[in-house]
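Fold and geometry: a report
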Amino acid sequence: MLHKSTEEKGRSTMVHLDKVEVPAGGEVVFKPGSYHLMLIKPTRALRIGEKVSVTFEFANGEKITEQFEVRGPSGK
């Protein structure tokens, strides 16, 4: 699942996203406290520090697979 965390007036919130808009020639950075992925019901137990492959599918049908490090709720 795609999410974005924000903080406003000292309160953190997390919003589920169906998609993330990537500006032409730009980038979107996934990091704690901002855009992030949550793996719901993984097919096996994951360990913090482990690398997992995630495939992104773009509106034009292009697919890109990237490696991500599993992190805990604190982002570490």
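See the structure shown above.
Residues numbered from 1 in each chain as written. Predicted model: local features only at pLDDT ≥ 70, side-chain atom pairs only at ≥ 80, totals over all residues. Heavy atoms only, no water.

1. A closer look at the overall build of the chain
The line we're drawing: Per the convention used, a helix needs a DSSP run of H or I reaching at least four residues, while a strand needs a run of E reaching at least two, with both numbered from the N terminus. Between two residues, a contact is recorded if the distance between any of their heavy atoms is within 4.5 Å. Only the protein chains shown count as cover for residues, and all accessible areas are computed by the Shrake-Rupley method using a 1.4 Å probe.
The helix and strand inventory of the chain stands at 0 helices and 5 strands. The secondary structure elements of the chain, listed N-terminal to C-terminal, are β-β-β-β-β. In terms of principal-axis extent, the alpha carbons of the chain reach across some 40 × 35 × 20 Å. Within the chain, counting contacts between residues at least 6 apart in sequence, those at least 24 apart form 27% of the total. Carbon and sulfur atoms make up 51% of the accessible area of the chain, which totals about 6,400 Å².

2. Structural notes on the packing of aromatic side chains
Describing an aromatic ring pair means giving the distance of the ring centres and the angle of the ring planes. Applied cut-off: Aromatic contacts are taken between Phe, Tyr and Trp rings whose centres are within 6.5 Å, Trp giving its six-membered ring; a plane angle under 30 degrees counts as stacked, one over 60 as edge-to-face, and the others as tilted. The classification of residues rests on relative accessible area computed with a 1.4 Å probe and restricted to protein chains. Under 20% of the type maximum is buried, over 50% is exposed, and intermediate values are partly exposed.
A complete count under the given rule lists 3 aromatic pairs for this structure. Their ring planes at 50° and their centres at 6.1 Å tell us that Phe30 and Tyr35 sit as a pair that is tilted. With a centroid separation of 5.8 Å and 50° between ring planes, the pair formed by Phe30 and Phe56 is classed as tilted. In this pair, Phe30 is assigned in the loop between β2 (11-17) and β3 (35-37) and Phe56 in strand β4 (residues 51-57), connecting sequence segments 26 residues apart. Accessibility expressed as a relative area gives 27% for Phe30, which makes it partly exposed.

3. What about the pattern of salt bridges?
Applicable threshold: The rule for a salt bridge is simple: a side-chain nitrogen of Lys or Arg has to be within 4 Å of a carboxyl oxygen of Asp or Glu.
Within the structure shown, the criterion is met by 2 salt bridges. Glu21 is the partner of Lys19 in a salt bridge, and the nearest nitrogen-oxygen pair spans 3.6 Å. Assessed through its relative accessible area of 60%, Lys19 is described here as exposed. Residue Glu50 pairs with Arg44 through a salt bridge whose shortest N-O separation is 2.6 Å.

4. Some thoughts on the pairing of β4
Spelled out, the test is: For two strands to count as paired, DSSP must find a minimum of two bridges between them.
Along β4, the buried face is formed by Val52, Val54 and Phe56; none of Lys51, Ser53, Thr55 and Glu57, which line the opposite face, is buried. Pairing of β4 with strand β5 (residues 63-69), which is carried by 7 bridges, proceeds in the antiparallel orientation. In the strand pairing of β5, Thr55 is matched with Thr65. Between β4 and β5, which pair antiparallel in sequence order, lie 5 residues; one of them, Gly61, sits at a positive phi of approximately 95°.

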